[in-house]
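Listed below are the residues making up each chain.
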Amino acid sequence: MAEKTLTVKLVRSAVCSVKKDQTATCRAMGLRKIGDTAVLPDNPSVRGMIFKVKHLVTVEEN
């Protein structure tokens, strides 16, 4: 059985108007510029990171 993954895309800037911890969370997910995408495993820690920056990203389940 294949593991589930999530495709996360940065749609809003994580630099200027957000808190430093949210910027660091985006960086930890591999999202640096607007339009960057990352394919991440679907687990509770990644879900928590996405929840923290849900206003900056879009998520698609694979």
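What this report covers is the structure whose coordinates are included nearby.

Cut-off values and rules
Residues numbered from 1 in each chain as written. Predicted model: local features only at pLDDT ≥ 70, side-chain atom pairs only at ≥ 80, totals over all residues. Heavy atoms only, no water. Helix = DSSP H or I, 4+ residues; strand = E, 2+ residues; numbered from the N terminus. Rg over C-alpha atoms; globule rule 2.2 N^0.38 Å. Buried < 20%, exposed > 50% of the residue type's maximum accessible area, 1.4 Å probe, protein only. Contact = heavy atoms within 4.5 Å. Areas by Shrake-Rupley, 256 points an atom, 1.4 Å probe, with all protein chains shown as cover. Pairing = 2+ DSSP bridges. Axes fitted to C-alpha atoms, helices over the stretch in contact; angles between N-to-C directions.

A few points about the overall build of the protein
Item 1. Along the protein, the regular secondary structure elements total 2 helices and 3 strands.
Item 2. Its helices and strands taken in sequence order, the protein reads β-α-β-α-β from the N to the C terminus.
Item 3. Taken over C-alpha atoms, the radius of gyration comes to 11 Å for the protein, in line with the 11 Å a tight globule of 62 residues would show.
Item 4. Seen through its principal axes, the protein has C-alpha atoms that stretch 40 × 20 × 15 Å.
Item 5. Buried residues in the protein amount to 29% of all 62 residues.
Item 6. Of the contacts formed within the protein by residues at least 6 apart in sequence, a portion of 74% connects residues at least 24 apart.
Item 7. Here the protein displays about 4,300 Å² of accessible surface, and carbon together with sulfur accounts for 56% of that area.

Points about the sheet that holds strand 3 (residues 57-61)
Consider a sheet: its strands pair through backbone hydrogen bonds, and that pairing is either parallel or antiparallel.
Item 1. The sheet built from 3 strands is open, its strands ordered 2-1-3 with antiparallel pairing. With partners counted over all chains shown, the strands left at the sheet margins are strand 2 (37-41) and strand 3, one partner each. Taken pair by pair, the neighbouring strands of this sheet meet at an average axis angle of 25°, ignoring direction.
Item 2. Where strand 1 (residues 5-10) lies against strand 2, 5 bridges are found, and the strand directions are antiparallel. In the strand pairing of strand 2, Val-8 is matched with Ala-38.
Item 3. The strands that helix 2 (residues 44-52) touches are strand 1, strand 2 and strand 3; relative to strand 1, the one it contacts most, it runs at about 25°.

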